[in-house]
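In case you want the letters, here they are:
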Amino acid sequence: MASFISTCQLSASFLYIWQVYMHPLSTAALLYDRGRDVAYRLWVAARKPCLQLLLYFLLYYCCFCAGAVAQDYNYRNYDVQHGLAGSTVYNMYQDTEGFIWFATETGVSRFDGTHFKNFTVKDGLPDNTIVRIFEDSRGRIWLAPFTNSICYYYKGKIYTSQNTPLLKRIVLDDYVGPLFENKKGEVIVYDGSHIYRIDINDSLHLIPYAAGFPPRSLIKVSESSSGGYFAMYTHNLYKTNTQSYTFLANLATSYGGVDNTIFTDKWWCWQRTRDSLHVQSAFYHLNYNMAVPSVNSLYCVNDSIICINTAKGTYLLNLMQGKVEKRYLPNKNISRFLMDKDGGLWFSTFNDGVYYLSSTAFRNMQYEVAKGQNLGVHDLEIGPEGIWAASDMGYLQWLRRDSLQALWLSKAFKQAFQGSAYCIARKNNVMAVGVEFYVFLFDGFSPIKKVTGINTVKDLAFINDQELMVAGSNSLYSLRLDNDTFERYWMGRTTSLLYRNDSTWFGASDGLYLLKPDKSIFYFGSISPLLKNRIAAIKEGADGTIWIATYSKGLVGLRNNQVKYHITVEDGLSNDASRCLAMDGKYIWAGTANGLNRIRVDAGLARVDNFLADGVASDMINAVLVVGDTVYAGTPQGITVFDKNNALPASVCDLKMLGISLNGKETALTDNIQLDYGNNNIRLNFVAISFSSAGNVVYNYRLKNLDTTWKTTSQTSLEFVSLPPGQHELEIYATNKFGINSSIHRQLFSILPPFWQTAWFVISCIITIVTATWLVVAYRNRQARKKEAARLVVEKQLHELEQKALRSQMNPHFIFNCMNSVQEFIIDKDIASANKYLTKFASLIRQTLDNSFHSSTTLASEIQYLTTYLGLEQMRHKNMFSYSLQISPELQPELVTLPVMLLQPYVENATWHGMRSGDNPDGQIDIHFSTTNNVLYCTITDNGIGREAALVAKKDSQVQYQSRGMQLTNERINLINSHAGVAITIDIKDLRDEAGNAAGTAVTIGIPFTSNRHETS
């Protein structure tokens, strides 16, 4: 009875342990504890060695759980949210330009690595659902809808049977099979009832249909490398030379359709049943079946490898060995497979868009503790028999020979905690793992002990077999492993450390420090501001350089306590937020917040290779470890493993011009584009095809005649507004994220000058200006000649008037009167008066003759002339009147000029007419000179009989001679005024006494004058 109970307990215990092994660990913590306890009790109770061995393995799997482990590549998914026309993709094709076309249920997409350009019925497609894509040697992209029609895309336009006579002549009863081009460059188009051949001249030829088969019996047509075509009707395979058919085989068991068969001259492959393929080759002596999931399509990679696209992923089958070499995207419903020109792999699906794999060198190892929750990795270290990884939630992962297992430290040491394992250190066979306040020690896989620290452990380094240096959350301290004692060296948050030659380099929130053997501490922030930033990791290079990863300033290299290197994004580093380091001989591996970088430093220069999202599971790199040629990268998504020699993809960078818009209108690209001035808004669209760069491309450009340096942009268009006239050459090239440059594209723009800058306009302007100048000069010359002629006329007239005035002053009557006066003096024997009179008369004659040679005279000369004249008149009239000449003090008579002989006629008029009556023995003539604003005012006042009485007396007079002095003077004044800027004015006033009787006349003459001060001085 007891034996029976023991047997039942043992059976129940094994069953419980099996449940624990099979159950996800993180979802059954209580179940795990109980199972482990039962297994341990069985271990103690067991007596037989074989039973103990079995229980040992069961106990091992209770701690090293084989939970949900996934190994796969890192794919990039493109779906509707990224711009793809539809999630269901039927076909893919890469054209000669490098663009990849996707046929979807809702249109066609053309992808350049950055943007999707979609085409639908609105753009001219006969139907949105497209199932076939093919490009011929002329660059036409043929598109076959899911209906009985066909079209092609060429140079931005879609051609259908509605707008193309060639396509209108193609009659189809069913949807089109895979199109292809034969060796002659002829396009083969077929459906279930017709085979068409379109020659290089676009002439349409109908290949005869096999006899004996009803319409829609044709399954597939493909070209034979030896000439002719393979044609499959229902289950019968033929070969035809387009004139006759040769029967090859009856594939009565064929299950698949047109996309599930491949026929070559050396081997055939077709789907025999729903879940199997058949391979047959007389050349290679092959004849076998291959079990596969439901097949969607087959693709021939090369002579020995075919790609099988199924509802459970894609398989690469080696036909010669009958072995699946690789599998991609398990559990994805794959419709097509494509290998692009860069070697990248594309997988289209029926419900998830397309997937892109740039490199198969990367393997991502993920341990899933719950559905959708992977263990993130914080540190990596070489351990016994494999790679150890400090991971989330207190797990320690162990990777060995592509097998990933996880150890839950909380269970291994029977210590409940919630923190993550952040760091691992190794000394010989002893492994130390830092979790929260604790350090867990292992001897190989066997737990040794748990040591409690004084704060959260951030980094570890062995000082010796029994002592650890610990970077803690608030201090740096050493921890004895034999007695759990510690010694604190520095207070503050520490983040990383490096123990070297009895000295400890440690990073903190405020920079880098060095703990020397004498326990003194040196702060490197005092020698460089770069070392004042938060430190993430510290490693020693092969040449003794101390490399420091900072959280914001990139990488810093120290030699002899001086900054020797500084590597940032400007040098190619993917991000300045560095997180981890690993030394690999002449290389440095640096993990950042935006990818993994490999850096080679040579002669002070850094060359950086970036491994962003091409294969690594995440851009966030927490840890990196290099073992031989293998690189291990720890990320929040697990561990990525790759061979460092095959990691970089064979990337290309091919710059393509997509189009140009001129003044808002799409225009065909030409080598030299001409635009008018003021109407030259240019928008150039382009893209660099580099699928592995995932749009991470920088474009460099310059206008050679305007820019002295290259400019950069991440946009795929350039816009130039109002370029200046002239010839402009735009140079542009692209640089992908791997530093590969495209060739330089050159585009010429000719901006026509405005009409006012054209040669004809300039010449016309010169001619116009010369003509206008000549006309102006000629006109001015004519005017000058006219003016000169007028001046000469005026001068002549003035001269004549002056002569007339002279003659009028020396009129015979005056001379006769003067002679009579002399005669009277002689008769009266008044010889003295006669001599005096003759002297004054001679002086007056001489002054008159002198004035006749000049057009102007000074005021002093004019006063002298008037004084002489008045003296003669006074003697002739027996002193019957008196005269006076007064000059204002501000006047300088020697410096004032006025027209010659202008005042004398008015003085003569005052003496002859104002004083002619003898009734006034006290006649008076006053002449007064004053000036205002460069105008000389001469006022001649007499107390004679007035103008009215003088006029009456003149009429009654019997004088035969009439003086013309006043008339000539007025004519002179009019001529002078017509050629002068300021006019001479005459103001005559009749004077009256208190009784209103005539009391004389006042004549005021205003003469503009110029001063001779400068000439005189």
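Keep in mind that what you see is a predicted model, and the values were worked out from it rather than measured.

**Some details on the overall build of the chain**
Secondary structure assignment for the chain yields 13 helices and 75 strands. Within the span of the chain, comprising 1017 residues, buried residues form 49% of the whole. If you take every contact in the chain between residues at least 6 apart in sequence, the share linking residues at least 24 apart comes to 51%. Carbon and sulfur atoms provide 51% of the accessible area of the chain, an area that totals close to 48300 Å².

**A few points about the packing of aromatic side chains**
Summed over all chains, the structure comprises 54 aromatic pairs. Between Phe 111 and Phe 691 the ring centres are 5.9 Å apart and the planes differ by 35°, which places this aromatic pair in the tilted class. Taken together, the residues span a long stretch of sequence, with Phe 111 in strand E6 (residues 107-111) and Phe 691 in the loop between strand E63 (682-689) and strand E64 (698-703) at a distance of 580 residues. Taken as a pair, Phe 111 and Phe 691 share a single burial class, namely buried. Judged by centre distance (5.4 Å) and plane angle (85°), the ring pair of Phe 413 and Phe 442 falls under edge-to-face. Of this pair, Phe 413 sits in the loop between helix H5 (409-412) and strand E37 (421-427) while Phe 442 sits in strand E39 (residues 438-443); the two residues are 29 residues apart in sequence, bridging distant segments of the chain. Owing to a relative accessible area of 1%, Phe 442 belongs among the buried residues under this scheme. A network of ring pairs unites the aromatic residues Tyr 73, Tyr 75, Tyr 299, Tyr 328, Phe 337, Phe 347 and Tyr 355 as a single cluster. If you follow Arg 110 out to its NZ or CZ, it ends over the ring of Phe 99, 4.6 Å from the centre. Against the face of Tyr 551 rests Arg 534, its NZ or CZ located 4.0 Å from the ring centre.

**Some details on the UniProt feature "transmembrane region" (unreviewed entry) in the chain**
Under the local residue numbering, the UniProt record ascribes the feature "transmembrane region" (unreviewed entry) to residues 12-32, 53-70 and 755-777. For the annotated span residues 755-777, helix accounts for 83% and strand for 0% of the residues, and the straight-line distance between the end C-alpha atoms is 28 Å.

**Brief notes about the environment of Phe 413**
According to the relative accessible area criterion, Phe 413 is buried, its value standing at 17%. Separated by 36 residues in the primary sequence, Phe 413 and Lys 449 place their C-alpha atoms 7.8 Å from one another. Excluding residues within four positions of it along the chain, Phe 413 makes contact with Phe 440, Leu 441, Phe 442, Pro 447, Ile 448, Lys 449 and Lys 450.

**Some thoughts on the confidence of the model for the chain**
Within the chain, residue pLDDT values average 85, and 87% of them lie at 70 or more. Per-element confidence in the chain is highest for strand E5 (residues 100-104), whose mean pLDDT is 98, and lowest for helix H1 (residues 2-22), whose mean pLDDT is 38. Note on residues 1-64: pLDDT under 50 across the span, and 63 contacts to partners over four residues away in sequence or across chains.

**Let's talk about the nonpolar core**
By size, the foremost hydrophobic cluster in this structure holds 51 residues, and its most contacted members are Phe 102, Trp 346 and Ile 682. With 6 residues, E63 is the largest single contributor of residues to this core. Once you skip the residues sitting within four places of it in the chain, Ile 682 turns out to touch Ile 660, Ser 661, Leu 662, Leu 675, Leu 718, Glu 719, Phe 720, Leu 723, Phe 749 and Ile 751. Listed in part, the 38 residues of the second largest apolar core include Phe 841, Val 896, Leu 898 and Ala 910.

**A few points about the sheet that holds strand E15 (residues 204-207)**
With antiparallel pairing, 4 strands are arranged side by side in an open sheet as E12-E13-E14-E15. For this open sheet the edge positions go to strand E12 (180-181) and E15, each flanked by a neighbour on one side alone. Where strand E14 (residues 195-198) lies against E15, 4 bridges are found, and the strand directions are antiparallel. Bridge pairing links Ile 195 to Ile 207 in E15.

**Describing helix H8 (residues 831-851)**
Over its 21 residues, H8 extends 30 Å from the first C-alpha to the last, a length consistent with the 30 Å expected when each residue adds 1.5 Å. The complete set of buried residues in H8 reads Ser 833, Ala 834, Tyr 837, Phe 841, Ser 843, Leu 844, Gln 847, Thr 848 and Asn 851.

**Observations regarding the pattern of salt bridges**
Applying the stated criterion across every chain yields a total of 24 salt bridges. Across the pair Arg 400 and Glu 385 runs a salt bridge, and its minimum N-O distance is 3.0 Å. Of this pair, Arg 400 sits in strand E35 (residues 395-400) while Glu 385 sits in the loop between strand E33 (377-383) and strand E34 (386-391), and the two are 15 residues apart along the sequence. In this structure, Arg 500 and Glu 540 form a salt bridge, with 2.7 Å as the shortest nitrogen-oxygen distance. Here Arg 500, found in strand E45 (residues 494-500), pairs with Glu 540, found in strand E49 (residues 535-540); they are 40 residues apart in sequence, far enough to count as distant. For Arg 500, a relative accessible area of 25% translates into the label partly exposed. Because the salt bridges share partners, they merge into one network encompassing Arg 702, Lys 704, Glu 729, Glu 731 and Arg 746.

Parameters and conventions
- Residues numbered from 1 in each chain as written.
- Predicted model: local features only at pLDDT ≥ 70, side-chain atom pairs only at ≥ 80, totals over all residues.
- Heavy atoms only, no water.
- Helix = DSSP H or I, 4+ residues; strand = E, 2+ residues; numbered from the N terminus.
- Buried < 20%, exposed > 50% of the residue type's maximum accessible area, 1.4 Å probe, protein only.
- Contact = heavy atoms within 4.5 Å.
- Areas by Shrake-Rupley, 256 points an atom, 1.4 Å probe, with all protein chains shown as cover.
- Phe/Tyr/Trp six-rings, centres within 6.5 Å; stacked < 30°, edge-to-face > 60°.
- Lys NZ or Arg CZ within 6 Å of the ring centre and 35° of its normal.
- UniProt positions renumbered as here; feature names shortened; annotations may be inferred.
- pLDDT = per-residue confidence, 0-100.
- Core = buried A, V, L, I, M, F, W, Y, C linked by side-chain atoms within 4.5 Å.
- Pairing = 2+ DSSP bridges.
- Expected span 1.5 Å × (residues − 1).
- Salt bridge = Lys/Arg side-chain N within 4 Å of Asp/Glu carboxyl O.

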